[in-house]
Amino acid sequence: MSILVTGAHGQLGGELCRMLGDRATGIDVDSLDLTDAPAATAIIRRLRPEAIINCAAYTHVDKAEMEPEKCRAVNVTAVEHLAEACGKLDCPLIQIGTDYVFGLPPATPRPWREDDPPRPQGVYARTKLEGERAAARCIKHLIVRTCGLYARAADRRASNFVRTMLRLGQERTEVRVVDDQRCTPTFVPHLAQAIIFLLNEAGSNVPWGTYHVTNGGETTWCEFAVEIFRMAGMKTVVRPIDSAEYGAPAPRPAYSVLDTEAYHRLGGPLMPDWKAALAEYFTKP
Ligand SMILES: NC(=O)c1ccc[n+]([C@@H]2O[C@H](COP(=O)([O-])OP(=O)(O)OC[C@H]3O[C@@H](n4cnc5c(N)ncnc54)[C@H](OP(=O)(O)O)[C@@H]3O)[C@@H](O)[C@H]2O)c1
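Computed from a predicted structure; not experimentally measured.

Cut-offs used in this document
Residues numbered from 1 in each chain as written. Predicted model: local features only at pLDDT ≥ 70, side-chain atom pairs only at ≥ 80, totals over all residues. Heavy atoms only, no water. Near = heavy atom within 4 Å. Polar contact = N/O pair within 3.5 Å; in protein donor to acceptor, adjacent residues only side chain to side chain. Areas by Shrake-Rupley, 256 points an atom, 1.4 Å probe, with all protein chains shown as cover. Helix = DSSP H or I, 4+ residues; strand = E, 2+ residues; numbered from the N terminus. Phe/Tyr/Trp six-rings, centres within 6.5 Å; stacked < 30°, edge-to-face > 60°. Buried < 20%, exposed > 50% of the residue type's maximum accessible area, 1.4 Å probe, protein only. Salt bridge = Lys/Arg side-chain N within 4 Å of Asp/Glu carboxyl O. Pairing = 2+ DSSP bridges. Axes fitted to C-alpha atoms, helices over the stretch in contact; angles between N-to-C directions. Contact = heavy atoms within 4.5 Å. Core = buried A, V, L, I, M, F, W, Y, C linked by side-chain atoms within 4.5 Å.

**Q** Can you explain the site of the ligand? Please cite residues and give values.
**A** Lining the immediate surroundings of the ligand are 25 residues, of which Asp28, Asp33, Thr59, Tyr124 and Lys128 lie closest. Gln11 places a polar main-chain atom, nitrogen or oxygen, 3.0 Å from an oxygen atom of the ligand. Within the contact set of the ligand, an oxygen atom lies 3.4 Å away from a backbone nitrogen or oxygen of Ile96. In the complex, the protein chains occlude 79% of the 890 Å² of accessible area that the ligand would expose alone. Of all the elements in the fold, those that place two or more residues in the shell around the ligand are helix H1 (11-20), strand S4 (93-98) and helix H4 (123-135).

**Q** With reference to specific residues and values, describe the packing of aromatic side chains.
**A** By the definition in use, this model includes 12 aromatic pairs. When the centroid spacing of 6.3 Å and the interplanar angle of 75° are considered together, the rings of Phe187 and Tyr281 count as edge-to-face. Here the residue Phe187 occupies a position in strand S9 (residues 186-187), and Tyr281 occupies one in helix H10 (residues 274-283), the gap between them amounting to 94 residues. Note on accessibility: Phe187 and Tyr281 belong to one class, buried. Plain terms: the ring middles of Tyr281 and Phe282 are 5.1 Å apart, the flat faces sit at 80° to each other, and that makes the pair edge-to-face. Tyr281 sits in the buried class, given a relative accessible area of 4%. For Phe282, a relative accessible area of 28% translates into the label partly exposed. One aromatic cluster is present, formed by Tyr150, Phe161, Phe187, Trp221, Phe224, Trp274, Tyr281 and Phe282 through successive ring pairs.

**Q** Lay out the pattern of salt bridges in plain terms, naming residues and giving numbers.
**A** The tally for this structure, following the rule as stated, stands at 19 salt bridges. Taking the shortest distance from any N to any O, the salt bridge between Arg182 and Glu218 comes out at 2.7 Å. Of this pair, Arg182 sits in strand S8 (residues 182-183) while Glu218 is found in the loop between strand S10 (209-212) and strand S11 (219-220), placing the two residues 36 residues apart along the sequence. Its relative accessible area of 31% is what places Arg182 among the partly exposed residues. Relative accessible area serves as the criterion here: at 29%, Glu218 is assigned to the partly exposed category.

**Q** Quick rundown of the sheet that holds strand S3 (residues 51-54)? Include the residues and the values.
**A** Hydrogen bonding along the main chain pairs the strands of a sheet, whether they run parallel or antiparallel. The six strands lie next to each other as S2-S1-S3-S4-S5-S10, forming an open sheet whose pairing is parallel. Looking along the sheet, the strands with just one partner apiece sit at the ends: strand S2 (24-27) and S10. Across the sheet, the mean angle from the axis of one strand to that of its neighbour is 20°, orientation sign disregarded. With four bridges connecting them, strand S5 (residues 141-146) and S10 associate as parallel partners. Bridge assignment links Val144 to a residue of S10, and that residue is Tyr211. Sheet contacts for helix H6 (residues 188-201): strand S1 (3-6), S3, S4 and S5; angle to S5, the most-contacted strand, approximately 160°.

**Q** Explain the nonpolar core residue by residue, including any values.
**A** One finds Leu12, Leu16, Ile53, Ile94, Ile195 and Val213 to be the most contacted residues of the largest nonpolar core, which totals 32 residues. Breaking this core down by element, the ones donating at least two residues are S1, H1, S3, S4, S5 and H6. It is H6 that provides the largest number of residues to this core, a total of nine residues. By size, the runner-up hydrophobic cluster in this structure holds 25 residues, among which are Phe224, Ala225, Ile241 and Trp274.

Purely geometric stuff here, so don't read any function into it on its own.
Spelled out as structure tokens, the structure:
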């Protein structure tokens, strides 16, 4: 029996497959399109996995506004099928959720807790919340909400903010970055370790349910960019702008810092502060 990791070519799925080694069977859209329900059910029945970690998702936040059905098929319908198959096989389902479910600012700014009411804005955010609800139909489920993922530097396929900044920094002397969205960038290897801990302990020391897992502290994308260039030894100037000036098609949360206390109380691997995590990106490729 192995752990089935979907989205295995993505940032998180790839890291989980590396860390789990022989314990994992990784699949991605080239071997199984999860929106093909009969094919997905057939593979799950054949493999009879010990657990499924669903890292597959439609993650193009802006493009989702133009193709909501495609986004929904991956982020909701596919999860419904996974949950149904898992329920029938009594197989745990680990679904990856997002800080974007907290789309509107809180009344008083404090990190969001797992039971705070989500108010997603935009197609991606709404479908991810629906996907969480679909996963929760499987009794043995974990929903791991996270934020601002960046894979290790050696993952050349990864598309994320750190890689984008480093590329732009090679091309330009100045970059404009939004300074009115507070979040916690999260280094994928740290998240992957936490997920493996949760999975190993699930059902005994870790109750089924939803957990927030990010690196520690909070920042803005602008401040994050400044640190990226500083640690990379680049002289690129970062000019703060607001979200309106940036003008992305999909809305982004103004405040999406997640409270990770419930996760840490379980005794899982400590999630370092975001600056320490970024330093690891540069020192441990
Ligand atoms: N990235 C972030 O900043 C962030 C923040 C919070 C939460 N999350 C959540 O964390 C999870 C992992 O994110 P990530 O950054 O690792 O995503 P990613 O790098 O975009 O990986 C997602 C993978 O899923 C695959 N996929 C898409 N449609 C599929 C389908 N129909 N069938 C099978 N596979 C399909 C993608 O293939 P293609 O590339 O070919 O489409 C891709 O390889 C997602 O659930 C995401 O919503 C991400």
